[in-house]
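Fold and geometry: a report
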Amino acid sequence: MMNTLPDLSEQTAMDAPEDPTLDRLGSVAANRGLGALAQELYSLSDFVQQDMSVVEDELRQLDRPQALVGRAGRHLLRLGGKRLRPLCVALAARCGKGFNTAAMDFGVAVELVHNATLLHDDVVDLARERRGQATARLEYGNAAAIFAGDWLLIEALRRVRRAALPGLLERLLDTIDEMILAESLPLEHRGRLDVDRSVYFRIAEGKTAALFRYALYSGGRAGQLTEPQCQALAEYGAHLGVAFQVVDDLLDLAGDAARTGKALFTDLKEGMVTYPLILIFEQDPALGRQIADWLAGSDDLQLPDEVLHRVRVAAEASGAEQRCRELAVERAHHAIGCLEALPQSRARSALEAVAHATAHRRR
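Presented here is a report on the structure given in the accompanying data block. (Residues numbered from 1 in each chain as written. Predicted model: local features only at pLDDT ≥ 70, side-chain atom pairs only at ≥ 80, totals over all residues. Heavy atoms only, no water.)

**Brief notes about the pattern of salt bridges**
Enumeration over the complete set of coordinates arrives at 15 salt bridges. A salt bridge links Arg 159 to Asp 105, with the shortest nitrogen-to-oxygen separation between them at 3.3 Å. Of this pair, Arg 159 sits in helix α7 (residues 142-163) while Asp 105 sits in helix α5 (residues 101-124), and the two are 54 residues apart along the sequence. Each member of the pair, Arg 159 as well as Asp 105, is classed as buried. Between Arg 213 and Glu 178 there is a salt bridge whose closest N-O contact spans 2.8 Å. (Salt bridge = Lys/Arg side-chain N within 4 Å of Asp/Glu carboxyl O. Helix = DSSP H or I, 4+ residues; strand = E, 2+ residues; numbered from the N terminus. Buried < 20%, exposed > 50% of the residue type's maximum accessible area, 1.4 Å probe, protein only.)

**Quick notes on the environment of Asp 63**
Within the secondary structure, Asp 63 is located in the loop between α2 (35-60) and α3 (68-77). Linking Asp 63 and Glu 155, residues 92 residues apart in sequence, is a C-alpha distance of 9.2 Å.

**Digging into the nonpolar core**
Ranked by size, the top nonpolar core spans 87 residues in total, and within it Phe 106 and Tyr 236 carry the most contacts. Looking at which element gives the most residues to this core, the answer is α5, with 13 residues. Apart from residues lying up to four places away in sequence, Phe 106 is in contact with Val 89, Val 160, Ala 163, Leu 165, Leu 168, Tyr 214, Ser 218 and Ala 222. The next biggest cluster of nonpolar side chains, apart from the first, holds 31 residues, and it includes Leu 250, Tyr 275, Leu 277 and Val 311. (Core = buried A, V, L, I, M, F, W, Y, C linked by side-chain atoms within 4.5 Å. Contact = heavy atoms within 4.5 Å.)

**Some words on helix α4 (residues 84-94)**
Of all 11 residues that make up α4, 10 are buried, and the element is covered over most of its length. Those residues of α4 not exposed but buried are Leu 84, Arg 85, Pro 86, Leu 87, Cys 88, Val 89, Ala 90, Leu 91, Ala 92 and Ala 93.

**A word on the packing of α2 against helix α17 (residues 346-360)**
Their axes nearest at 10 Å, the elements α2 and α17 cross at an angle of 130°. Viewed along their axes, α2 and α17 adopt a mutual orientation that is oblique. Every pair of crossing elements has a handedness; the one defined by α2 and α17 is left-handed. Contacts between α2 and α17 involve Leu 37, Glu 40, Leu 41, Ser 43, Leu 44 and Phe 47 from the first element and Arg 346, Ala 347, Ser 349, Ala 350, Ala 353, Val 354, His 356 and Ala 357 from the second. Classifying every residue of the contact of α2 with α17 by side-chain character gives nine nonpolar, three polar and two charged. (Axes fitted to C-alpha atoms, helices over the stretch in contact; angles between N-to-C directions. Parallel < 35°, antiparallel > 145°, perpendicular 65-115°, else oblique. Left-handed = near helix turned anticlockwise from the far one by under 90°. Nonpolar A, V, L, I, M, F, W, Y, C, P; charged D, E, K, R; others polar.)

This is the structure we're talking about:
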């Protein structure tokens, strides 16, 4: 029998995250005019708030080196984030026998892996801002940011090893391997704007969906669900991850930089082709060639205003925003369909609501 968490009923409100993930998704739904979904998300927030508070406390109290690498790693963690991956772990565990110490370790682990990739990405992309603040590489240097990311990965593996559930450490190693290979694909195609959809989905499925798959699978294992049920949760995570990435790509073109914490057109300036850009360049191939020529002949990341204007016009002409939302909604529905393998429960309802809200998020 796995250990359960100690009674945390005396935990104060100040120990909980200030902006719980389900509340945040509820706000997204409300702003999109999805009142019924918003109310459902708000009502479910208290359901996992204690679980998320435990994960947040573990992240806050992480035993980190006092050296530069520890400060660089902590720099990003303290900025918070969506914490959507730990939420998935918690809800998956609650689809079974409940949230316990193993689920806590998996929740911390997936958040550490996610933050490690962000630290590395910011160095590769020469990013200056993350979550509305200066990146760790600017604060502490590129080398410190890279080593901090490596340290977070090691700490994630330690957490999974401590959970001591057979096969979960090996699965995380395979997941990280898949993520690395997927992250390298954009480098191979950087500056080439003729990337087709199959390559894009290979990137999205490895770069983003792989970790969601692991989060849902590991949570199910922590909750002592059957293997077919855990596999169903993993499939849910795969579809959820693609929906998340498609919307993320869309927000790079049509989001609010103040809310996303990321400057607009970042992907385009870095020569990275995303799903909305594929749709735009299908509509206007000449624009794609013009931007590719510009990227090949300039080290400046500031695209000319007239080019950005043409991108906006082409985005509207191609219906890129609507088509991206439609794809995200389609993937969300596929994700929800995977949950039919699980018994009806409040946790399953929460996962359904998370999928719907992810397709409509604005940050």
